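# Overview (structure and organization)
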Amino acid sequence: ADRRLKVDVQSMWQVPSIAHICELVRVASKEPKGSKLALPQFSVQDLERHLEEEVADGVHPFLVELHVRLLRGLQLANRVAIHESSWEEVFRGELRRRCDPAVVYDSGSYKLLPLGTRVELLHTLCEWRLCDVEDTTGAGQLDIAPEQMRLEPLGTDKNGHSYWNFSGLRLYREVLAGPVRKRKREADEEKERRLPAWSIACQTPAEWIAFAATLDKTGSLYRRLNADFLPRIQAAIAKEEREQKRAVMAALPRRTSTRIREGRAPEGEAENDAGWNATTNSIDHNGIGEGHTCAGGQGDLDVQAQGESVIAM
């Protein structure tokens, strides 16, 4: 997929919301891993990649399986077998039953729909699964706290931009643009419109630290980040630096004397060998010291629970 497609995916708030809802349902439903109802564990980055990947049949197998398992967990009007070849028909039927006809795709295949439409439909399906609180095993309601079901922004900055975190290290910015004014002759018909824009504010520990430094230290957003996020971010950075130092020291060559490598040195070489080894030990020690002092850095972390959870939100 090209870069423009990736930017489009990352600018849709529904994408992290889909990942968040699926994780809530996966944990709350307590379905065993091999169950036909169990949702897969995945990150936002996984979902973005699968949405972008082009496959011969048009819909990535992971997304097909996700649709199938979400549909199996719904309270359907008619209990039917849902599998890889029937899910589209079942989904269309539920859209007709539950939604405004405008969102129903009656003609053509799901794979031919624009990417944005497919993301919106998948998000709609996720909301159905969250709202159909009776799970299909008869075990009762999903054990999800109300505050988990409806996330709120972490806060706003001085420009009125809202910031959201669904999980992991992704911090999203929602920008609400000011009123769009029409030409003067149309002033009487002017209406204020707010145009939401969605983007990633930061996604690595270093970016979180840099972003927090730009905030008003007395503002509610900074206080929230400082209380709930920055300590864990700083701990993640310290852990990464320790791991980098260990990797540097482990990669340093460990020299041994010829006598040790070959079992026994010929007579007359012991003195020279011992002197060489002492020098080597000194060099090795200094090398390790330099590596220990200089190694490290913040870098990007592999931040998934499934790959993302350096900090579990």
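Just so you know, these numbers come straight off a predicted model, no measurement behind them. (Residues numbered from 1 in each chain as written. Predicted model: local features only at pLDDT ≥ 70, side-chain atom pairs only at ≥ 80, totals over all residues. Heavy atoms only, no water.)

### Re the overall build of the protein chain
Across its full length, the protein chain holds 12 helices and four strands. The buried share among the 313 residues of the protein chain stands at 38%. A total accessible area of about 18,600 Å² is found for the protein chain, and carbon and sulfur atoms account for 49% of it. (Helix = DSSP H or I, 4+ residues; strand = E, 2+ residues; numbered from the N terminus. Buried < 20%, exposed > 50% of the residue type's maximum accessible area, 1.4 Å probe, protein only. Areas by Shrake-Rupley, 256 points an atom, 1.4 Å probe, with all protein chains shown as cover.)

### Points about the packing of helix H4 (residues 61–72) against helix H5 (residues 87–98)
Contact geometry of H4 with H5 gives a least axis separation of 10 Å together with a crossing angle of 50 degrees. By the criterion of interaxial angle, the relationship of H4 to H5 is oblique. By crossing handedness, the relation of H4 to H5 is classed as left-handed. Contacts from Val-64, His-67, Val-68 and Leu-71 in H4 reach Trp-87, Val-90 and Phe-91 in H5. Among the residues forming the contact of H4 with H5, the class breakdown is six nonpolar, one polar and no charged. (Axes fitted to C-alpha atoms, helices over the stretch in contact; angles between N-to-C directions. Parallel < 35°, antiparallel > 145°, perpendicular 65-115°, else oblique. Left-handed = near helix turned anticlockwise from the far one by under 90°. Contact = heavy atoms within 4.5 Å. Nonpolar A, V, L, I, M, F, W, Y, C, P; charged D, E, K, R; others polar.)

### What to know about the packing of aromatic side chains
A complete count under the given rule lists nine aromatic pairs for this structure. Here the aromatic rings of Trp-164 and Trp-198 are separated by 6.2 Å at their centres, their planes lie at 45 degrees, and the arrangement is tilted. Here the residue Trp-164 occupies a position in strand S2 (residues 162–164), and Trp-198 occupies one in strand S4 (residues 196–202), the gap between them amounting to 34 residues. For the pair shown, Trp-164 and Trp-198 are each scored as buried. The rings of Trp-164, Phe-166, Tyr-172 and Trp-198 are connected pair by pair, giving a single aromatic cluster. (Phe/Tyr/Trp six-rings, centres within 6.5 Å; stacked < 30°, edge-to-face > 60°.)

### Considering empty space enclosed by the protein
Taken as a whole and assessed by the stated rule, the structure comprises one cavity of 30 Å³ or more. Considering only enclosed or pocket space, the largest cavity measures out at about 40 Å³ in volume. The wall of the largest cavity is formed by Leu-51, Leu-63, His-67, Tyr-110, Arg-118 and Leu-122. Contributions of two or more residues to the lining of the largest cavity are made by H4 and helix H6 (115–131). Among the residues making up the lining of the largest cavity, the classes are represented as four nonpolar, one polar and one charged. (1 Å grid on protein atoms, 1.4 Å probe; cavity = no way out; pocket = protein on both sides within 12 Å on 5 of 7 lines; lining within 4 Å. Points joined across faces, edges and corners; volume = space filled by probe spheres on them.)

### What to know about the environment of Asp-228
Residue placement: Asp-228 occurs in helix H9 (residues 220–228). Within the local environment of Asp-228, its side chain forms a polar contact with the side chain of Arg-224, the two groups lying 2.7 Å apart. (Polar contact = N/O pair within 3.5 Å; in protein donor to acceptor, adjacent residues only side chain to side chain.)

### Digging into the pairing of strand S3 (residues 171–176)
Inspection of the sheet shows S2 paired to S3 by three bridges, in the antiparallel sense. When the bridges of S3 are listed, Trp-164 appears paired with Tyr-172. Taken together, S2 and the strand that follows it, S3, pair antiparallel across an intervening segment of six residues, in which Gly-168 is found at a positive phi of about 60 degrees. (Pairing = 2+ DSSP bridges.)

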